[in-house]
Amino acid sequence: MMTDNPVFCALDTQDTAQASQLANTLSGHIGGLKIGMEFFYAAGVAAYQNIADTGLPIFLDLKLHDIPNTVASAVKALCPLEPAILNVHAAGGLDMMRAASNAAKDTATEKDITPPLMIAVTVLTSLEAKDLDQIGVSATPREQVLRLADLAQQAGMGGVVCSAHEVEALRNQCGADFKLIVPGIRPAGHAADDQKRIMTPEAAMKAGADILVIGRAITQADDPAQAASAIASSLGYA
Ligand code: C5P
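Residues numbered from 1 in each chain as written. Predicted model: local features only at pLDDT ≥ 70, side-chain atom pairs only at ≥ 80, totals over all residues. Heavy atoms only, no water.

Visitor: Would you take a moment to explain the side chain of Arg186 for this structure?
Guide: The topology assignment puts Arg186 in the loop between β7 (179–182) and α8 (201–207). At 2.9 Å, the side chain of Arg186 forms a polar contact with the backbone oxygen of Ala191. Once residues within four sequence positions are removed from consideration, Arg186 is found in contact with Ala191, Ala192, Asp193, Gln195, Ile198, Met199, Thr200, Pro201 and Arg216. (Helix = DSSP H or I, 4+ residues; strand = E, 2+ residues; numbered from the N terminus. Polar contact = N/O pair within 3.5 Å; in protein donor to acceptor, adjacent residues only side chain to side chain. Contact = heavy atoms within 4.5 Å.)

Written out as structure tokens, the structure reads:
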């Protein structure tokens with residue numbers, strides 16, 4: 001179940017005890033948790049289930065990318081875990097995204113569960129123009145993000161992961177219902193760490209983000225619950 005609080009905290013750890021403790025501590029102060037491939041591959045389904053048992057919605061960030069049949073089968077295998085959000089790489093193409101979106105709907109109907117919101121990753125923020133050029137993509141990162149978001153929408157995906165700086169252009173192109181999930185968020189006064197294009201939670205929401213993925217600003221704080229609660233209040237969700 002989705003809550004109103006738009007903050008999903010990224011549990012970037014392989015330590016299952018630490019992850020469970022954080023999940024329990026943060027429950028009530030955040031809208032959900034993001035679990036990525038690091039935790040899922042290291043800790044497995046049982047550890048995932050422990051975290052999901054907190055009742056918080058989970059964004060299962062596995063960035064699936066393979067042929068349509070394989071991705072559809074993977075989505076089918078993951079749906080019973082009932083993640084609120086699941087994602088695939090848009091670079092897998094229209095048919096792959098369509099297969100993923102249909103697999104989520106069909107499996108949810110079959111099992112009488114809520115389908116995950118299916119999200120596409122457009123261009124990884126670690127890739128610059130020269131990296132795209134090296135893999136044969138002559139478009140700029142921004143052009144490629146807009147192109148892949150359009151393809152994702154055609155394929156029936158519910159939204160994309162994007163930088164806060166792309167939110168406005170994507171909102172204009174994709175309309176009000178397309179979900180924009182935004183990492184690279186730092187409350188005012190926080191270190192940028194390795195993120196290059198950051199924005200505060202308030203500015204990102206004002207620009208039109210639907211969900212904010214926030215990791216270190218919460219998880220590395222002296223008091224993570226207090227940090228999460230301060231972010232929630234700054235957004236009017238206290
Ligand atoms: O600690 P921080 O708030 O920078 O963590 C952001 C989270 O969002 C991490 O899990 C990171 O892998 C993820 N992410 C990102 N940029 C993207 C996609 C995902 O920072 N473009």
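Visitor: Would you mind showing me how to read the layout of surface pockets here?
Guide: Vacant regions in the atomic arrangement are exposed by a probe of water-molecule size rolled over the atoms. Estimated volume of the largest pocket: approximately 1400 Å³. What lines the largest pocket is a set of 47 residues, among which Thr125, Pro183, Gly184, Gln195 and Arg216 lie closest to the centre. If you list the elements that add at least two residues to the lining of the largest pocket, you get α1 (16–26), β2 (32–36), α2 (37–52), β3 (58–64), α6 (141–154), β8 (211–214) and α9 (216–219). When its residues are assigned to classes, the lining of the largest pocket shows 19 nonpolar, 15 polar and 13 charged. (1 Å grid on protein atoms, 1.4 Å probe; cavity = no way out; pocket = protein on both sides within 12 Å on 5 of 7 lines; lining within 4 Å. Points joined across faces, edges and corners; volume = space filled by probe spheres on them. Nonpolar A, V, L, I, M, F, W, Y, C, P; charged D, E, K, R; others polar.)

Visitor: Looking at this structure, how should I read α6?
Guide: Each α-helix turn comprises 3.6 residues. Residues three or four places apart therefore point the same way. Over its 14 residues, α6 extends 20 Å from the first C-alpha to the last, a length consistent with the 20 Å expected when each residue adds 1.5 Å. For α6, the set of buried residues is Gln144, Val145, Leu148, Ala149 and Ala152. Down the axis, α6 shows its buried residues gathered within 135 degrees of arc, on one side only. Taken together, the buried residues of α6 touch α4 (94–111), β5 (117–121), α5 (129–134), β6 (159–161) and α7 (167–174). Immediately downstream of α6, the backbone of Gly156 shows phi near 90 degrees, a positive value. (Expected span 1.5 Å × (residues − 1). Buried < 20%, exposed > 50% of the residue type's maximum accessible area, 1.4 Å probe, protein only. Arc of directions from axis to C-beta.)

Visitor: Help me understand the pattern of salt bridges in this model?
Guide: Once the charged atoms of two side chains with opposite charge are near each other, the side chains can pair. A full pass over the atoms with the stated rule returns seven salt bridges. Between Asp193 and Arg186 there is a salt bridge, with its nearest N and O atoms 3.1 Å apart. By relative accessible area, which is 45% here, Asp193 ends up partly exposed. Between Asp193 and Arg216 there is a salt bridge whose closest N-O contact spans 3.8 Å. Of this pair, Asp193 sits in the loop between β7 and α8 while Arg216 sits in helix α9, placing them 23 residues apart in sequence. Judged by relative accessible area, Arg216 falls into the partly exposed class, the value being 33%. Three or more residues joined by partner-sharing salt bridges are found here, namely Arg186, Asp193, Asp194 and Arg216. (Salt bridge = Lys/Arg side-chain N within 4 Å of Asp/Glu carboxyl O.)

Visitor: Help me understand the UniProt feature "domain: Orotidine 5'-phosphate decarboxylase" (unreviewed entry) in the chain, please; the structure alone is not making it clear to me.
Guide: UniProt tags residues 6–231 as "domain: Orotidine 5'-phosphate decarboxylase" (unreviewed entry). Summarising residues 6–231: 46% helix, 16% strand, and an end-to-end C-alpha distance of 10 Å. (UniProt positions renumbered as here; feature names shortened; annotations may be inferred.)

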